[in-house]
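Structural features, examined
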Amino acid sequence: MPITSNTSPIIALAKIGRLMLLKDLYSAVVISQFVKVESVDRGKELGAPDALEIERSINEGWIKVVDLTRRQNQTVQRLVSEARIGFGEAGALTIARNKKIPVILDDKEARALAKSWDLGHTSTVMVLFEAFVKNLISYDDLVEDLAKLTRVMWISADVITDVIKRAKKVVK
């Protein structure tokens, strides 16, 4: 089943060399133009190598950029001004609700909105955990990837500890 995402999970996974896990886990990732601009266009302006990997995935067709309708854009604008989340999060939430697909979000406010809208949602850390559970990466890879992830985004030590504990239970 496809999934949608805001910008930071896609960039973070690309930075640690794990963007392809999204294809392996979900077959397709649907993103808004906001996410494409933030992850590819701005990334290329900054010379970020991860921007080229994300662009390649778009060109391969498994990351799909969708145009939002006028009504969806109004929802995005309302969310940005009222819920105080970014355009990437607002676009991802709008796509998730419209297409009835889960969403990858790391922002606390955006996750709270997803929950209130009854949307399936996950996080970048849990994408790695799911890949481990489905035997796409090993336990050692999971631990290493979590360490890499902490170098490209802020993650609570409690979250890392919890995921490693959960992974140890799977290994037993």
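Whatever comes next refers back to the structure up there.
Presented here is a report on the structure given in the accompanying data block. (Residues numbered from 1 in each chain as written. Predicted model: local features only at pLDDT ≥ 70, side-chain atom pairs only at ≥ 80, totals over all residues. Heavy atoms only, no water.)

On to the overall build of the protein chain. A count of helical and extended segments in the protein chain gives 10 helices and 5 strands. Rg of the C-alpha trace for the protein chain: 16 Å, near the compact-globule value of 16 Å for 172 residues, within the 12% margin. With the C-alpha coordinates aligned to their principal axes, the bounding extent of the protein chain is approximately 50 × 35 × 25 Å. Buried positions account for 45% of the 172 residues belonging to the protein chain. Contacts in the protein chain between residues far apart in sequence, at least 24 positions, make up 64% of those at least 6 positions apart. (Helix = DSSP H or I, 4+ residues; strand = E, 2+ residues; numbered from the N terminus. Rg over C-alpha atoms; globule rule 2.2 N^0.38 Å. Buried < 20%, exposed > 50% of the residue type's maximum accessible area, 1.4 Å probe, protein only. Contact = heavy atoms within 4.5 Å.)

The subject of this paragraph is helix α4 (residues 49–60). Here α4 is 12 residues long and its end C-alpha atoms lie 17 Å apart, about the 16 Å a rise of 1.5 Å per residue gives. As for α4, its buried residues are in contact with α1 (7–15), β2 (29–32), α3 (33–45) and β3 (63–66). Downstream of α4 by a residue or two, Gly 61 has a phi angle that is positive, lying close to 95 degrees. (Expected span 1.5 Å × (residues − 1).)

Computed from the structure, the largest pocket encloses a volume of approximately 270 Å³. Of all elements in the fold, only α8 (124–133) and α10 (157–171) reach the threshold of two or more residues within the lining of the largest pocket. (1 Å grid on protein atoms, 1.4 Å probe; cavity = no way out; pocket = protein on both sides within 12 Å on 5 of 7 lines; lining within 4 Å. Points joined across faces, edges and corners; volume = space filled by probe spheres on them.)

What follows is about the nonpolar core. One finds Leu 22 and Leu 142 to be the most contacted residues of the largest nonpolar core, which totals 35 residues. In terms of residue count, α8 provides more of this core than any other element does, 6 residues in total. The contact partners of Leu 142, leaving out residues within four places of it in the chain, are Leu 128, Phe 129, Phe 132, Ile 137, Val 163 and Ala 167. By size, the runner-up hydrophobic cluster in this structure holds 18 residues, among which are Leu 68, Val 76, Ala 96 and Ala 110. (Core = buried A, V, L, I, M, F, W, Y, C linked by side-chain atoms within 4.5 Å.)

Now for helix α9 (residues 139–152). Here α9 spans 20 Å end to end across 14 residues, near enough to the 20 Å set by a 1.5 Å rise per residue. Those residues of α9 that sit buried are Leu 142, Asp 145, Leu 146 and Leu 149. Buried residues along α9 cover an arc of 105 degrees about the axis, so they all sit on one side. The outward face of α9, more than 90 degrees from its buried face, is lined by the exposed residues Asp 140 and Arg 151. Turning to α9, the residues buried within the fold contact α1, α8 and α10. (Arc of directions from axis to C-beta.)

What follows covers the packing of α3 against α4. Remark: α3 packs on α4, axes separated minimally by 8 Å, with the N-to-C direction vectors making an angle of 130 degrees. As judged from the angle between their axes, α3 and α4 are oblique. For the pair α3 and α4, the sense of crossing is left-handed. Within the contact between the two elements, α3 uses Lys 36, Ser 39, Val 40, Gly 43 and Lys 44 and α4 uses Ala 51, Leu 52, Ile 54, Glu 55 and Ile 58. Taken together, the residues of the contact of α3 with α4 sort by class into 5 nonpolar, 2 polar and 3 charged. (Axes fitted to C-alpha atoms, helices over the stretch in contact; angles between N-to-C directions. Parallel < 35°, antiparallel > 145°, perpendicular 65-115°, else oblique. Left-handed = near helix turned anticlockwise from the far one by under 90°. Nonpolar A, V, L, I, M, F, W, Y, C, P; charged D, E, K, R; others polar.)

Here the focus is the sheet that holds strand β1 (residues 3–5). The 5 strands are arranged β3-β2-β1-β4-β5 in an open sheet whose pairing can be described as parallel. Looking along the sheet, the strands with just one partner apiece sit at the ends: β3 and β5 (121–122). In this sheet, β5 lies alongside strand β4 (residues 103–104) in parallel orientation, the contact comprising 2 bridges. Bridge assignment links Ile 104 to a residue of β5, and that residue is Thr 122. Lying on the sheet, α1 is in contact with β1, β2 and β4; it crosses β1 at an angle near 95 degrees. Packed onto the sheet, helix α6 (residues 87–99) meets β1, β2, β3 and β4 and runs at close to 125 degrees relative to β2. (Pairing = 2+ DSSP bridges.)

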